[in-house]
There are 2 protein chains.
Amino acid sequence: MSTEGAVKESTRILNGLDIDRLGQTMGAIEETPEISRFNFRTRNEWIDGGHNRTTIKEFYGAGQEDTTRSAPFVFDADEPNVLLGENKGANPVEYALTALSACMMTSLIYHASARGIRIDRAEARLEGDLDVQGFLGMDEKIRNGYESVRVKFKVEGDASEEELDELVQVAQQRSPVFDIFTNSVPVSVEREK
Amino acid sequence: MSTEGAVKESTRILNGLDIDRLGQTMGAIEETPEISRFNFRTRNEWIDGGHNRTTIKEFYGAGQEDTTRSAPFVFDADEPNVLLGENKGANPVEYALTALSACMMTSLIYHASARGIRIDRAEARLEGDLDVQGFLGMDEKIRNGYESVRVKFKVEGDASEEELDELVQVAQQRSPVFDIFTNSVPVSVEREK
């Protein structure tokens, strides 16, 4: 009985996440803060026209190079025909919305789990307005990126309306990609010769 | 002879792009600026734990709903094991780097083509530093998103060193996702009940 209890306690799963390990991870970071530093990487290769391909595999985190991915993730980007492409992939600003939607969802689920809230269903719909005169350099008053983005969540779970509202707030307060959209990231660019 | 010349002139291709159509598109926008307004959309569905799925298909642009995509683009996101996931997809901040790398590449190629510069090969490598204490809410001094991003381009083409350097500058000046990273985008979030 006591052994079974101990085993159960070391593998408490909520929303598909090992919440004991989440707590252990935070405890380990408190003891050794440098393990919280990650370095993520992409390699992009131009194919033709609006078509290019991004490959992702290695990253650094938790104090070491990660070796758990057996194969790379490969993402083709292209433009639709109206923007002179052939739809061989989503376009770059659609990848940006993908990043934002995935990140806000992950943030909501992780923080719900840390609070002991069971989520039954969660969905997010995003849309962003963009004027291509910015990209084309036709009007300096028009920005290149999204002028505005709207996010609509539907969340169902074992929680009050107030708790679910708060989780959607926490998703904004903690999401790395929400931060990237709403604040400035220093980006340095160079050409290798 | 004159007919052949006319046909050639209407389909001048550079770097895989129809550069006459690029010029025609810009001319059409000058006459009717509202066709430059686009609306892009994603739908994200939580699967389990750190695993969620983004679907992309329709968008609005050039004055109408686009119907050229026969199937949706589907992107699974997940976290690596060290962040309590199972590597069922790239993670959200890797998608953000994917968006940035694809967008800077597309910007470079389109603007090279508009300038009549033939590109033979182009590659970009990106890396970003992120401290997960921000996401975990462990230290308010640490931001959630990337603390810094570095982009390294390799570009070969029929152009001088100065022209190639300038193209890498133009990629920064015109890329929508570079703008999203380096400036603030208004993002509104609500929960539907």
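Parameters at a glance
- Residues numbered from 1 in each chain as written.
- Chains lettered and ligands numbered in written order.
- Predicted model: local features only at pLDDT ≥ 70, side-chain atom pairs only at ≥ 80, totals over all residues.
- Heavy atoms only, no water.
- Helix = DSSP H or I, 4+ residues; strand = E, 2+ residues; numbered from the N terminus.
- Rg over C-alpha atoms; globule rule 2.2 N^0.38 Å.
- Buried < 20%, exposed > 50% of the residue type's maximum accessible area, 1.4 Å probe, protein only.
- Contact = heavy atoms within 4.5 Å.
- Phe/Tyr/Trp six-rings, centres within 6.5 Å; stacked < 30°, edge-to-face > 60°.
- Least-squares fit on C-alpha atoms with pLDDT ≥ 70 in both.
- Axes fitted to C-alpha atoms, helices over the stretch in contact; angles between N-to-C directions.
- Parallel < 35°, antiparallel > 145°, perpendicular 65-115°, else oblique.
- Left-handed = near helix turned anticlockwise from the far one by under 90°.
- Nonpolar A, V, L, I, M, F, W, Y, C, P; charged D, E, K, R; others polar.
- Expected span 1.5 Å × (residues − 1).
- Pairing = 2+ DSSP bridges.
- Buried area = accessible area lost by both parts, 1.4 Å probe.
- Salt bridge = Lys/Arg side-chain N within 4 Å of Asp/Glu carboxyl O.
- Polar contact = N/O pair within 3.5 Å; in protein donor to acceptor, adjacent residues only side chain to side chain.

Q: Honestly, the overall build of chain A in this entry has me stumped. Any pointers?
A: A count of helices and strands for chain A gives six helices and 10 strands. For 193 residues, the compact-globule estimate of 2.2 N^0.38 gives 16 Å, and the C-alpha radius of gyration of chain A, at 21 Å, exceeds that figure by more than 25%. For chain A, the spread of C-alpha atoms along the principal axes amounts to about 70 × 45 × 30 Å. Looking at chain A as a whole, 53% of its 193 residues are labelled buried. The long-range fraction of contacts in chain A, counting pairs at least 24 apart against all pairs at least 6 apart in sequence, stands at 48%.

Q: Would you mind showing me how to read the packing of aromatic side chains here?
A: Remark: the centre distance and the inter-plane angle together describe each pair of aromatic rings, the angle taken between the planes. Per the counting criterion, the structure on display carries 13 aromatic pairs over all chains. Between B:F40 and B:F59, the ring centres sit 5.4 Å apart and the planes meet at 35 degrees, which makes this aromatic pair tilted. With B:F40 in strand β3 (residues 37-48) and B:F59 in strand β5 (residues 59-61), the pair connects residues that are 19 residues apart, well separated along the chain. You'll find B:F40 and B:F59 in the same group, each marked buried. An aromatic cluster of at least three residues, connected via ring pairs, comprises A:F75, A:Y95, B:F75 and B:Y95.

Q: In this structure, what is going on with the relation of the copies chain B and chain A? I would like to understand it.
A: A rotation about some axis, followed by a shift along it, carries one copy of the chain onto the other. In the superposition of chain B on chain A (RMSD 0.0 Å, axial shift 0.0 Å), the rotation amounts to 180 degrees. Classification of the inter-copy transformation places it as that of a two-fold axis. Mapped onto chain A, 100% of the interface residues of chain B again fall at the interface, so both copies present the same surface.

Q: Can you help me understand the packing of helix α3 (residues 92-114) of chain B against helix α5 (residues 161-174) of chain B in this one?
A: Packed helix pairs are characterised by how far apart their axes lie and by the angle those axes make with each other. Residues and elements named next belong to chain B. Contact geometry of α3 with α5 gives a least axis separation of 8 Å together with a crossing angle of 120 degrees. Overall, the two elements α3 and α5 adopt an arrangement that is oblique. Here α3 runs over α5; the crossing is right-handed. For the pair α3 and α5, contact is made by M104, S107, L108, H111 and A112 and by L167, V168, V170, A171, Q172 and R174, respectively. Its residues placed into classes, the contact of α3 with α5 shows seven nonpolar, three polar and one charged.

Q: Just checking my understanding: could you explain helix α5 (residues 161-174) of chain A for this structure?
A: What sets the pattern is the α-helix's 3.6 residues per turn: residues three or four places apart point alike. An ideal rise of 1.5 Å per residue puts 20 Å on 14 residues; α5(A) measures up with 20 Å between its terminal C-alpha atoms. Taken together, the buried positions of α5(A) are occupied by A:L164, A:L167, A:V168, A:V170, A:A171, A:Q172 and A:R174. Taken together, the buried residues of α5(A) touch α3 (92-114), β8 (119-131), β9 (148-157) and α6 (176-182) of chain A together with α4 (133-136) and β10 (187-191) of chain B.

Q: I tried to follow the pairing of strand β8 (residues 119-131) of chain B on my own but got confused; where do I start?
A: Every other side chain in a regular strand lies on the same face of the sheet, so the side chains alternate between the two faces. Sheet topology places strand β3 (residues 37-48) of chain A next to β8(B); nine bridges connect them, and they run antiparallel. Along β8(B), the bridge assignment pairs A:F40 with B:G128. When β8(B) meets strand β9 (residues 148-157) of chain B, the two strands line up antiparallel, connected through 10 bridges. Within β9(B), the position partnered with B:R125 by the bridge is B:K152.

Q: Could you clarify how one ought to interpret the side chain of A:H111 in this entry?
A: Within the secondary structure, A:H111 sits in helix α3. Setting aside anything within four residues of it in sequence, one finds A:H111 in contact with A:L167, A:V170, A:R174, B:F135 and B:L136.

Q: Any chance you could explain the interface of chain B and chain A here in plain terms?
A: In this complex, chain B contributes 126 residues to the contact, which on the side of chain A involves 126 residues. Counting each side, the surface lost to burial between chain B and chain A is near 11900 Å², with a carbon and sulfur contribution of 57%. Inspection of the region where chain B meets chain A yields 18 salt bridges. Across the pair B:E94 and A:R69 runs a salt bridge whose closest N-O atoms are separated by 2.8 Å. At the boundary of chain B and chain A, one finds 82 residue pairs in polar contact (both at pLDDT 80 or more). The element contributing the most residues to the side of chain B that touches chain A is α3(B), with 19 residues. In the side of chain B that touches chain A, the residues fall into 57 nonpolar, 36 polar and 33 charged.

Q: I tried to follow the pattern of salt bridges on my own but got confused; where do I start?
A: Residue and element names in this part refer to chain B. For the structure on display, the rule yields 44 salt bridges over all chains. For the salt bridge of E123 with R125, the shortest nitrogen-to-oxygen distance reads 3.1 Å. For E123, a relative accessible area of 8% gives the class buried. Assessed through its relative accessible area of 46%, R125 is described here as partly exposed.

Q: Would you mind showing me how to read the environment of B:I35 here?
A: Structurally, the position occupied by B:I35 is in the loop between α2 (19-31) and β3. Taking C-alpha positions, B:I35 is 4.9 Å from B:G63, a pair spaced 28 residues apart along the chain.

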